[in-house]
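Coordinate inspection notes
Here's the letter readout for the chains.
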Amino acid sequence: MRLARAALGAGVSAAILFLPRAGMACAVCTAGRDDESNAAFLVSTIFLSLLPLVALGTFVYVLWRRFQKLEQSREGSSHSPRLSPQGAAAAEPSGAGS
Amino acid sequence: MTTRATSPQIRLIAAEHGEPKVISNGVLGMLLFVLTEIMLFAGMISVFNIVRASAAVWPPPGQPRLPVEETAINTLALFASGLCVYLAQRRFAVSRPSARTPLALAIVLASIFVVFQGYEWVSMIAQGLTLTSSALGSFFYLIVGMHALHVVAALAMMIQTWRRHARGWLHPSQLATTAVFWYFVVGAWPIIYWRVYL
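Residues numbered from 1 in each chain as written. Chains lettered and ligands numbered in written order. Predicted model: local features only at pLDDT ≥ 70, side-chain atom pairs only at ≥ 80, totals over all residues. Heavy atoms only, no water.

1. Things to note about the overall build of chain A
Helix and strand content of chain A: three helices and zero strands. Starting at the N terminus and ending at the C terminus, chain A contains elements arranged as α-α-α. Buried residues in chain A amount to 14% of all 98 residues. For chain A, the exposed area adds up to about 7700 Å²; of that, 68% sits on carbon and sulfur atoms. (Helix = DSSP H or I, 4+ residues; strand = E, 2+ residues; numbered from the N terminus. Buried < 20%, exposed > 50% of the residue type's maximum accessible area, 1.4 Å probe, protein only. Areas by Shrake-Rupley, 256 points an atom, 1.4 Å probe, with all protein chains shown as cover.)

2. Observations concerning unusual backbone geometry
With an omega of 0 degrees, the peptide bond running from tryptophan 58 of chain B to proline 59 of chain B counts as cis. Counting through the fold element by element, proline 59 of chain B comes out in the loop between α1 (25-54) and α2 (68-94).

3. As for helix α3 (residues 100-126) of chain B
Residue and element names in this part refer to chain B. Spanning 27 residues, α3 covers 39 Å between terminal C-alpha atoms, matching the ideal 39 Å at 1.5 Å per step. Packed against the buried residues of α3 are α2, α4 (135-167) and α5 (172-197). Residue glycine 128 follows α3 closely and has a positive phi angle near 105 degrees. (Expected span 1.5 Å × (residues − 1). Contact = heavy atoms within 4.5 Å.)

4. Structural notes on the packing of α4 of chain B against α5 of chain B
Residue and element names in this part refer to chain B. Relative orientation of the contacting elements α4 and α5 amounts to 155 degrees, with a least axis distance of 10 Å. Here α5 runs roughly antiparallel to α4, going by the angle between their axes. As α4 runs across α5, the sense of the crossing is left-handed. For the contact of α4 with α5, the per-class residue count stands at 19 nonpolar, six polar and one charged. (Axes fitted to C-alpha atoms, helices over the stretch in contact; angles between N-to-C directions. Parallel < 35°, antiparallel > 145°, perpendicular 65-115°, else oblique. Left-handed = near helix turned anticlockwise from the far one by under 90°. Nonpolar A, V, L, I, M, F, W, Y, C, P; charged D, E, K, R; others polar.)

5. Side note on the pattern of salt bridges
On inspection of all chains with the given rule, the structure shows one salt bridge over all chains. The salt bridge involving arginine 65 of chain B is made with glutamate 69 of chain B; its shortest N-O contact spans 3.5 Å. (Salt bridge = Lys/Arg side-chain N within 4 Å of Asp/Glu carboxyl O.)

6. As for the confidence of the model for chain A
All names here are of chain A. Looking at chain A as a whole, the pLDDT averages 73, with 64% of positions reaching at least 70. Of all secondary-structure elements in chain A, the lowest mean pLDDT belongs to helix α3 (residues 85-91), at 42, while helix α2 (residues 34-77) reaches the highest, 88. Counted against residues more than four places away or in other chains, residues 82-98, with its pLDDT under 50, gives 21 contacts. (pLDDT = per-residue confidence, 0-100.)

7. Quick notes on the nonpolar core
Ranked by internal contacts, the top residues of the largest apolar core, which has 53 residues, are Phe140, Trp182 and Val196 of chain B. Of all the elements in the fold, those that place two or more residues in this core are α2 of chain A together with α1, α2, α3, α4 and α5 of chain B. By residue number, the principal contributor to this core is α5 of chain B, which donates 14 residues. Among all residues touching tryptophan 182 of chain B, those that are not within four sequence positions of it are Leu78, Ser81, Gly82, Val85, Ala110, Val151, Ala154, Leu155 and Met158 of chain B. Formed by six residues, the second largest nonpolar core is a distinct cluster that contains Ala88, Ala99, Leu103 and Leu170 of chain B. (Core = buried A, V, L, I, M, F, W, Y, C linked by side-chain atoms within 4.5 Å.)

8. Looking at the packing of α3 of chain B against α5 of chain B
All names here are of chain B. Interaxial distance between α3 and α5 falls to 13 Å at its minimum, and their mutual angle equals 35 degrees. Considering how the two elements wind past one another, α3 and α5 form a crossing that is left-handed. For the pair α3 and α5, the contacting residues are Leu103, Ala110, Phe113, Gln117 and Glu120 in the first and Leu175, Trp182, Trp189 and Tyr197 in the second. In terms of residue class, the contact of α3 with α5 is built from seven nonpolar, one polar and one charged.

9. Some words on the packing of aromatic side chains
For any pair of aromatic rings, the description consists of the separation of the ring centres together with the inter-plane angle of the planes. Residues and elements named next belong to chain B. One pass over the structure, following the stated rule, counts 14 aromatic pairs over all chains. Here phenylalanine 140 and tyrosine 141 contribute two aromatic rings whose centre-to-centre distance is 5.0 Å and whose plane-to-plane angle is 80 degrees, an arrangement assigned as edge-to-face. Sitting over the face of the ring of tryptophan 194, arginine 195 holds its NZ or CZ atom 4.8 Å from the ring centroid. (Phe/Tyr/Trp six-rings, centres within 6.5 Å; stacked < 30°, edge-to-face > 60°. Lys NZ or Arg CZ within 6 Å of the ring centre and 35° of its normal.)

10. So, the confidence of the model for chain B
All names here are of chain B. Across chain B, the average pLDDT comes to 89, with 90% of residues at or above 70. Mean pLDDT values over the elements of chain B span from 92, in α1, up to 95, in α3. The model gives residues 1-5 a pLDDT under 50, and that stretch makes 15 contacts with residues more than four places away or in other chains.

Set out below in structure tokens:
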């Protein structure tokens, strides 16, 4: 009887000691693959940090390139009599600018 | 937005008659939308990568193998569809009526992609891969499903574009807007295929 009580006490003690740890274990336990998991977190962090910068940078660059091309074509066409500086200034709408 | 005091002015968007413009309103809006979509897919794929790298066994035991070869063929159909949209844009700039055939072909190829994806899903569900069967199933249906949703939306846009073209109402910027979205859908798929299927 005393032995049974001791065994029960040991079992309860062990449960108090170890079960909370198991119960609080991470739901996405890496099961010994900490290195791979850490690498995945690191790569994902770098990727997600840089992606918006690269995407926005590309977007702005494309707009800038198109803007430059239009400027060049405008300057090229300004040599024609219709779009000469005087003619262009005369044709400028007074309120345009937005 | 203006750059110089002298005209002709170059505007970022909303050009008025005779003024050059950098980008049309529709294309600008679609590009901004695509930027947000890129972040959406990047987030989902990143989480999938982390879960995959952290799993003790991948793919999860007892789950069916994803149809890699069959989907590769389907991927070719999607690529060909993107190429057809590109050809349609090129032809539209030269001769508007000649864009009709590549646009129709792009719609047919995109439809083939969607139908095959549906067939693949039915097959996967029958084999036991469901949204709740494993992490693989959850991410497969989430990521591939989200992409399929975009394909269906882009397909609807292409059909609308084709109808407008058939009636002679299609403006180049409308075709360009649809093309931007379709290029995004086509461009995102190889990355999804690489990360999820392989």
